[in-house]
Amino acid sequence: MLTVNSALHMKSLREFVNPGLRFIFTDIDGTLTEQGRLTSSAYQALWRLHDHGLKVVPVTGRPAGWCELIARQWPVTGVIGENGGFYFRYEDLNAGDGTTGVMRRHYFYNASERADHNRRLDKIRTEILARVPGAAVASDQFCRQMDLAIDYCEDVVRLPPTDVDRIVKIFTDHGANAKVSSIHVNGWFGEYDKLTMCHVFLEREFGMKISDAQTSVAFVGDSPNDEPMFAFFKNSFAVANVKDFVGTMKSLPEYVADQNGGSGFAEVVERILATTQR
Ligand SMILES: [Mg+2]
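These figures come from a predicted structure and were not determined experimentally.

## A look at helix H7 (residues 261–274)
Inference 1: With 14 residues, H7 extends 20 Å from end C-alpha to end C-alpha; this agrees with the ideal 20 Å at 1.5 Å per step.
Inference 2: Among the 14 residues in H7, 10 count as buried, and that is most of the element.
Inference 3: When H7 is considered as a whole, its buried residues turn out to be Gly261, Gly262, Gly264, Phe265, Ala266, Glu267, Val268, Val269, Arg271 and Ile272.
Inference 4: Buried residues along H7 sit against strand S2 (23–26), strand S3 (33–34), strand S4 (37–38), helix H1 (40–51), strand S13 (217–221) and strand S14 (235–238).

Written out as structure tokens, the structure reads:
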């Protein structure tokens, strides 16, 4: 029998019917944003999900400092940051009146392990800046706790793919992980990734086994650093700009929106809510 690799084909959103989703995990850059800005349609879509009782959890390479704000201020149930190094969850203990809350921070590695990893990343930083002219440390690096982000096109003139590959190789030659996002190369030490921390989040915060998550969790993303999530989650979506990367990806999402970035995210949310059973 012919085995069809579903990863080679992305379905239209019109083929999706909500199977009873409770959680929407979503990437941020390139998925909620366009030209680097969070769009009004995407932010409104986050509120629509919230108001329909769906739990939204951004999953990003962005730093701890940003995640503090997101967990506290956005209409989300939690946030996974620095490519899965931690999650933050802010709970308002007085049922939404904002007077008493608690921020729960769960890290994959403890503080002394993180300090050791950061010393090793300092050496890699020096080597990359010396060997790849035009690369820079990302401007949000000072907000990071466990990952080194090298900017290849956010605030610097876009580097060619060969330079991006050289940055990745310097990380991996030192035994670090490296993932290319739409703006940075992120490197870190240790055994975590975004998908691993999604599992940890669901189990610790909601007592949910990941094997039970397939019908209740969806993921929305846009690029190769989302591939583990596309591969794992049956209800996986991408915004249209994923098409820029399909040639280099092994795992594609199940469904793709017609529009890019935040507009595409709003389209995904519209379809989820339009096919929700009441
Ligand atoms: Mg992205």
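This is not the end of the story, as more comes after the structure.
## Examining helix H5 (residues 194–206)
Inference 1: Over its 13 residues, H5 extends 18 Å from the first C-alpha to the last, a length consistent with the 18 Å expected when each residue adds 1.5 Å.
Inference 2: Residues of H5 that are buried in the fold lie against S2, strand S5 (55–58), strand S6 (79–81), strand S7 (86–92) and helix H6 (227–232).
Inference 3: Phi turns positive, to about 60°, at Gly207, one or two residues after H5.

## A word on the sheet that holds S5
Inference 1: Strand order in the open sheet formed by six strands is S1-S15-S14-S13-S2-S5, with parallel pairing between adjacent strands. The open sheet terminates on both sides in strands that have one partner only, identified here as strand S1 (11–12) and S5.
Inference 2: Taken together, the four bridges between S2 and S5 define a ladder with parallel strand orientation. By the bridge assignment, Phe23 is partnered in S5 with Lys55.

## Remarks on unusual backbone geometry
Inference 1: Within the chain, Glu82 stands out as a residue other than glycine whose phi angle is a positive 45°.
Inference 2: Within the secondary structure, Glu82 is located in the loop between S6 and S7.
Inference 3: One non-glycine residue, Asn83, lies in positive phi territory at about 60°.
Inference 4: Positionally, Asn83 belongs in the loop between S6 and S7.

## Regarding the packing of helix H3 (residues 111–131) against helix H4 (residues 161–173)
Inference 1: H4 packs onto H3 with a crossing angle of 150° between their chain directions and a minimal axis gap of 10 Å. Taken together, the axes of H3 and H4 are roughly antiparallel relative to one another. In this structure, the crossing between H3 and H4 has a hand that is right-handed. Listed contacts from H4 to Ile124, Glu127, Ile128 and Arg131 of H3 are Arg166, Ile167, Ile170 and Phe171.

## A word on the sheet that holds S6
Backbone-to-backbone hydrogen bonds join strands into a sheet, with any given pair of strands oriented parallel or antiparallel.
Inference 1: Read from one edge of the open sheet, three strands run S6-S7-S8, paired in antiparallel fashion. The sheet terminates laterally at S6 and strand S8 (101–107), the two strands that pair on one side only. The mean angle between the axes of side-by-side strands here comes to 20°, regardless of whether they run parallel or antiparallel.
Inference 2: Relative to S8, S7 runs antiparallel, the two sharing seven bridges. In the strand pairing of S8, Asp92 is matched with Gly101.
Inference 3: Strands S6, S7 and S8 of the sheet are contacted by helix H2 (residues 64–73), whose axis makes an angle of about 30° with S7.
Inference 4: In this fold H5 packs onto S6, S7 and S8, with an angle of close to 145° to the strand it touches most, S6.

## Structural notes on the pairing of strand S12 (residues 184–188)
Inference 1: Of all five residues making up S12, five are buried, and the element is well covered by its neighbours.
Inference 2: Alternating positions in S12 separate into two faces, His184, Asn186 and Trp188 on one and Val185 and Gly187 on the other, with burial throughout.
Inference 3: The pairing of strand S10 (residues 148–151) with S12 spans four bridges and is classified as antiparallel. What sits directly across from Ala149, in S12, is Asn186.
Inference 4: By the bridge criterion, four bridges tie strand S11 (residues 177–180) to S12 in an arrangement that is antiparallel. Bridging from a neighbouring strand, Asn177 pairs with Trp188 of S12.
Inference 5: Hairpin connection between S11 and S12: a loop of three residues separates the two successive antiparallel strands.

Rules used throughout
Residues numbered from 1 in each chain as written. Predicted model: local features only at pLDDT ≥ 70, side-chain atom pairs only at ≥ 80, totals over all residues. Helix = DSSP H or I, 4+ residues; strand = E, 2+ residues; numbered from the N terminus. Expected span 1.5 Å × (residues − 1). Buried ≥ 20, exposed ≤ 12 C-beta atoms within 10 Å, placed from the backbone. Contact = placed C-beta atoms within 7 Å. Pairing = 2+ DSSP bridges. Axes fitted to C-alpha atoms, helices over the stretch in contact; angles between N-to-C directions. Parallel < 35°, antiparallel > 145°, perpendicular 65-115°, else oblique. Left-handed = near helix turned anticlockwise from the far one by under 90°.

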